Structures are given as C-alpha cells and as structure tokens.
Amino acid sequence: MRASVVVGDSDVQRSVNAWLAANPAGRRAVVVEGAFSVLEVPVDVPQTRLGAGCVCCLGQVPLRVGVTRMVRSVRPDSVLLVLSHGEHLARVRALLTDGSLGVRFDLD
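Residues numbered from 1 in each chain as written. Predicted model: local features only at pLDDT ≥ 70, side-chain atom pairs only at ≥ 80, totals over all residues. Heavy atoms only, no water.

(A) How the structure looks around the pattern of salt bridges. Taken as a whole and assessed by the stated rule, the structure comprises two salt bridges. As a salt-bridge pair, Arg14 and Asp11 come within 2.9 Å of each other at their nearest N and O atoms. Residue Asp11 is classed as partly exposed on the basis of its relative accessible area of 28%. The partner of Asp77 in a salt bridge is Arg27, and the shortest N-O contact between them spans 3.6 Å. Of this pair, Asp77 sits in the loop between helix 2 (60–74) and strand 4 (78–83) while Arg27 sits in the loop between helix 1 (12–22) and strand 2 (28–33), and the two are 50 residues apart along the sequence. Among the residues examined, Asp77 registers a relative accessible area of 36% and is labelled partly exposed. For Arg27, a relative accessible area of 45% corresponds to the partly exposed category. (Salt bridge = Lys/Arg side-chain N within 4 Å of Asp/Glu carboxyl O. Buried < 20%, exposed > 50% of the residue type's maximum accessible area, 1.4 Å probe, protein only. Helix = DSSP H or I, 4+ residues; strand = E, 2+ residues; numbered from the N terminus.)

Set out below in structure tokens:
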C-alpha cells in the first residue's frame, strides 16, 4: 500500500490538495494527527483524525488503531498521513515501512 507523509506548515491544505491531485484514481484515505482546524477533502475520501501528539512516541497506539481501522474498512490504495510537526519524521517513516502497524507501506 502506498503512503505519503506531509508535515503541517502554514498551508497544509495546499499539500493535501496536491496529494489529492496526484492520486485521482483508486481508493484514498487521509489520516490526520493534531489539531488542524479544518482540512477539506472530498466526501468520498475517508478522513481519520488522531489526537495531538507525536505519533511515534505518545501516539503510537492511536496511530496503530486509526490506521488498522481505516485499512480494514476502506481498503485504500493510497494513504496520506498529515503530521503537525516533523520532529521525529524518520521514526514515523520507519513505523510505516516496517510493518509494525499491521500493514507495510511503500512511501512516496
């Protein structure tokens, strides 16, 4: 399964829109960490929200549960993970690719 990771900045919506445009076909899903006020995604793109906090430290269980539920219910071809900060980006990328979340992602 393909995945992309976007680190939130002042214009995270632009990054989400670019990902949506680059992945127009197939089943898509968005997993959002943190307290982004409003991210607009099409109604046919499921969105899972996680609580604020580092997904590789404090939020590993919510990430695992959110990703597992989303994968089982949606069976997406492509997933976008939106993070509020990139402090531990290398560790998050390792979690996504090592299979410990129950699915192994190929990162873009």
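(B) Expanded view of the side chain of Ser78. Positionally, Ser78 belongs in strand 4. The class of Ser78 is buried, set by a relative accessible area of 2%.

(C) Empty space enclosed by the protein, seen in detail. For the structure shown, the criterion picks out two cavities of 30 Å³ or more. Its boundaries defined by the atoms lining it, the largest cavity holds a volume of some 50 Å³. In terms of lining residues, the largest cavity is bounded by Glu33, Cys54, Val55, Leu83, Ser84, His85, His88, Leu89 and Val92. Across the lining of the largest cavity, the residue classes break down as five nonpolar, three polar and one charged. The space that makes up the second largest cavity amounts to roughly 40 Å³. Looking at the lining of the second largest cavity, the elements with two or more residues in it are helix 2 and strand 4. Looking at side-chain class alone, the lining of the second largest cavity contains eight nonpolar, no polar and no charged residues. (1 Å grid on protein atoms, 1.4 Å probe; cavity = no way out; pocket = protein on both sides within 12 Å on 5 of 7 lines; lining within 4 Å. Points joined across faces, edges and corners; volume = space filled by probe spheres on them. Nonpolar A, V, L, I, M, F, W, Y, C, P; charged D, E, K, R; others polar.)

(D) Region of the structure containing helix 3 (residues 89–97). Of all the residues in helix 3, the buried ones are Val92, Leu95 and Leu96. Across the axial projection of helix 3, the buried residues extend over an arc of 95 degrees, all falling on one side. Buried residues belonging to helix 3 abut strand 1 (2–7), helix 2, strand 4 and strand 5 (106–107). Positive backbone phi, approximately 85 degrees, marks Gly99, located one or two places after helix 3. (Arc of directions from axis to C-beta. Contact = heavy atoms within 4.5 Å.)

(E) Molecular detail of the confidence of the model for the protein chain. When pLDDT is averaged along the protein chain, the result is 84, and 95% of the positions lie at 70 or above. The secondary-structure element of the protein chain with the lowest mean pLDDT is strand 2, recorded at 82, while strand 5 shows the highest, at 92. (pLDDT = per-residue confidence, 0-100.)

(F) Representation of the sheet that holds strand 3 (residues 47–50) in the model. Taken in spatial order, the five strands of this open sheet run 3-2-4-1-5, and their pairing is parallel. Since the sheet does not close on itself, it has two edges, and those belong to strand 3 and strand 5, each with one partner. Summarising the sheet, strand 1 and strand 4 pair through six bridges and their orientation is parallel. Each residue of the ladder has a partner; that of Arg2, found in strand 4, is Ser78. (Pairing = 2+ DSSP bridges.)

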